[in-house]
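# Close look at the chain arrangement
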Amino acid sequence: MQFAERMDRFGEGIFSKLLEIKRQKEERGETVIDLGVGAPNIPPARHITDALCEAAADPKNYVYAISDQKELLEAAAQWYERRYGVTLNPETEICSLLGSQEGLAHIALSVADEGDVVLVPDPCYPVFADGPLLAGATLFYMPQRKENGYIIDVSEIPEETAKKAKLMVISYPNNPTTVMAPDCFYEEVIAFAKKYDIIVLHDNAYSELVFDGKTCGSFLHFPGAKEVGVEFNSLSKTYGLAGARIGFCVGNEEVVSHLKILKSNMDYGMFLPVQKAAVAAITGDQACVETTRKAYERRRDALCDGMTEIGWKMDKPEATMFVWAKIPDKFSDSTSFAMELAEKAGLLVTPGGAFGPSGEGYVRLALVQDEDVLKKAARLVDESGMLR
């Protein structure tokens, strides 16, 4: 059999490999604590599941959705106005996504042609690069260095590269480095994008998971942002709706329009009961958002304090549902360290190299287990003797 040459650009996803290791260990009856995949285990609030169940019980809701319901688009516009102070036209500046992952995988198809340059962070969530690769684009990695607070320095992008670039993908609070960006960064990005006619995509999936009393807003709140780009947002982590696949692309109407046209040729829209659940989430009681944030902050403290106590120093993240940890000095690379962690301690983490060249030397741990399990993870690592 012969397959598309584009598949040569992709290997087996690191998350698939981690799940296979987990399956094998569990079949042997061994304890496995999975902090590899960022799959939230905090369920949605009752008012959200009630809306979903009520709509799912209505036989009329099993038709093709085709497009976003007016109720959903208006709710999203109200959400952005209330939460971020951003005014959006629900008819032209909002498009639903079947989860941010789907949008990130496909938006480059509407922006970049074969060989066009796309600017992506390094390290970055893998689909930031995989989506453009699917479109046949050429990647230019923008380093996120620790010495620069993991913030991209746009002045390091060569002018010839900037002139060729069609799309720039950025994301703060950042997965995997967990940092937030200062206001001046967004101002620099907007000026840079205007100068070189680059479309900006800002992924804002973690704006509600910000700790220690800090807050986070929207890229679109900055003057000129809507002229150059769009923002993706997600209900997966904030509202516990990861499996329901609910996201939004909002902002520049030309970008939104082209993505809508592309999606109209690829899917039949979001299941109507899921649209009802989304409306309930973003218009209903927001106490669940603070409850979720506090839960992740407690988990962060339990994991980082526990690991630091046994000799694996972990800096506490200021945001997201992850910890970005430097591997202990005695280990030479992140993949071998992660494999040894899985084998000796039964702890699954994601090697930093899976997020790009600059991720080497780090691992990402997802705060997707309860506090007692995270404390147990530290005990298992200590008992394994790996750090001694």
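The sections below set out a description of the structure shown in this document. Just so it is clear, the structure is predicted and the values come from calculations on it, not from any experiment. (Residues numbered from 1 in each chain as written. Predicted model: local features only at pLDDT ≥ 70, side-chain atom pairs only at ≥ 80, totals over all residues. Heavy atoms only, no water.)

What follows deals with the packing of helix 4 (residues 100-111) against helix 5 (residues 126-134). Where helix 4 contacts helix 5, the two axes come as close as 7 Å, and the packing angle between them is 35 degrees. Between helix 4 and helix 5 lies a crossing whose hand is right-handed. Taking contact as the criterion, the partners of Q101, L104, A105, A108 and L109 in helix 4 are, on helix 5, V127, F128, G131, P132 and L134. (Axes fitted to C-alpha atoms, helices over the stretch in contact; angles between N-to-C directions. Helix = DSSP H or I, 4+ residues; strand = E, 2+ residues; numbered from the N terminus. Left-handed = near helix turned anticlockwise from the far one by under 90°. Contact = heavy atoms within 4.5 Å.)

Let us now look at a nonpolar patch on the surface. Taken together, Y64, I66 and Y268 make up a surface patch of nonpolar side chains, about 390 Å² in accessible area. By secondary structure assignment, the location of I66 is in the loop between helix 2 (46-56) and helix 3 (70-84). Overall, I66 belongs to the exposed group, its relative accessible area being 53%. (Patch = residues over 30% accessible without salt bridge, like charges linked within 9 Å, V, L, I, M, F, W, Y side chains within 5 Å. Areas by Shrake-Rupley, 256 points an atom, 1.4 Å probe, with all protein chains shown as cover. Salt bridge = Lys/Arg side-chain N within 4 Å of Asp/Glu carboxyl O. Buried < 20%, exposed > 50% of the residue type's maximum accessible area, 1.4 Å probe, protein only.)

Another aspect to go through is the sheet that holds strand 2 (residues 94-97). Reading across from one edge, 2-8-7-6-5-3-4 is the order of the seven strands in this open sheet, with mixed pairing throughout. The sheet terminates laterally at strand 2 and strand 4 (138-143), the two strands that pair on one side only. When the angles between neighbouring strand axes are averaged without regard to direction, this sheet yields 20 degrees. Pairing between strand 3 (residues 117-122) and strand 5 (residues 165-170): three bridges, direction parallel. Note that in strand 5 the partner of L119 across the bridge is M168. (Pairing = 2+ DSSP bridges.)

So, on to the pattern of salt bridges. Inspection of every chain in the model, using the stated rule, returns 32 salt bridges. Two residues, K22 and D34, come together in a salt bridge whose shortest N-O distance is 3.5 Å. With a gap of 12 residues between them, K22 in helix 1 (residues 14-27) and D34 in strand 1 (residues 33-34) connect regions that are remote in the sequence. Residue classification places K22 among the partly exposed residues on the basis of a relative accessible area of 23%. Here K263 and E102 are joined by a salt bridge, their closest N and O atoms 3.0 Å apart. Of this pair, K263 sits in helix 9 (residues 253-264) while E102 sits in helix 4; the two residues are 161 residues apart in sequence, bridging distant segments of the chain.

Bringing the sheet that holds strand 12 (residues 362-366) into the picture now. Ordered by their spatial adjacency, three strands build an open sheet running 9-12-11, and the pairing between neighbours is antiparallel. Both outer strands of the open sheet, strand 9 (322-326) and strand 11 (350-351), are each paired with one neighbouring strand and no more. When strand 9 meets strand 12, the two strands line up antiparallel, connected through five bridges. Its bridge partner being in strand 12, F322 is matched across the sheet by A366.

Next up on the list: the packing of aromatic side chains. All chains considered together, the criterion is met by 17 aromatic pairs. Seen in terms of ring centroids, W79 and Y84 are 6.2 Å apart; in terms of plane orientation they differ by 65 degrees. Their pairing is edge-to-face. Comparing W79 with Y84, the two get one shared label, buried. Within the aromatic cluster, the residues linked to one another by ring pairs are Y172, F185, Y186, F219 and F222. (Phe/Tyr/Trp six-rings, centres within 6.5 Å; stacked < 30°, edge-to-face > 60°.)

Moving on: the environment of D50. Looking at the element boundaries, D50 is found in helix 2. According to the relative accessible area criterion, D50 is partly exposed, its value standing at 37%. As a C-alpha pair, D50 and I199 span 149 residues in sequence and 39 Å in three-dimensional space.

Most of strand 7 (residues 229-234) is tucked away: six of the six residues are buried. Taking every second residue as pointing to the same face, both faces of strand 7 are buried, with G229, E231 and N233 on one and V230, F232 and S234 on the other. Here four bridges tie strand 6 (residues 199-203) to strand 7, and the two strands are oriented parallel to one another. Counterpart to V200 in the pairing with strand 7 is G229. In this structure, strand 7 lies alongside strand 8 (residues 247-251), joined through five bridges in antiparallel fashion. From the neighbouring strand, N233 faces strand 8, where its bridge partner is F248.

The next subject is the side chain of K237. Structurally, K237 is set in the loop between strand 7 and strand 8. No salt bridge forms around the buried K237; measuring N to O, its nearest opposite-charge neighbour D203 is 7.7 Å away. Filtering out sequence-adjacent residues up to four positions away, K237 remains in contact with G38, P40, Y206, L209, T292 and M321. (Lys, Arg positive; Asp, Glu negative; His and termini not counted.)

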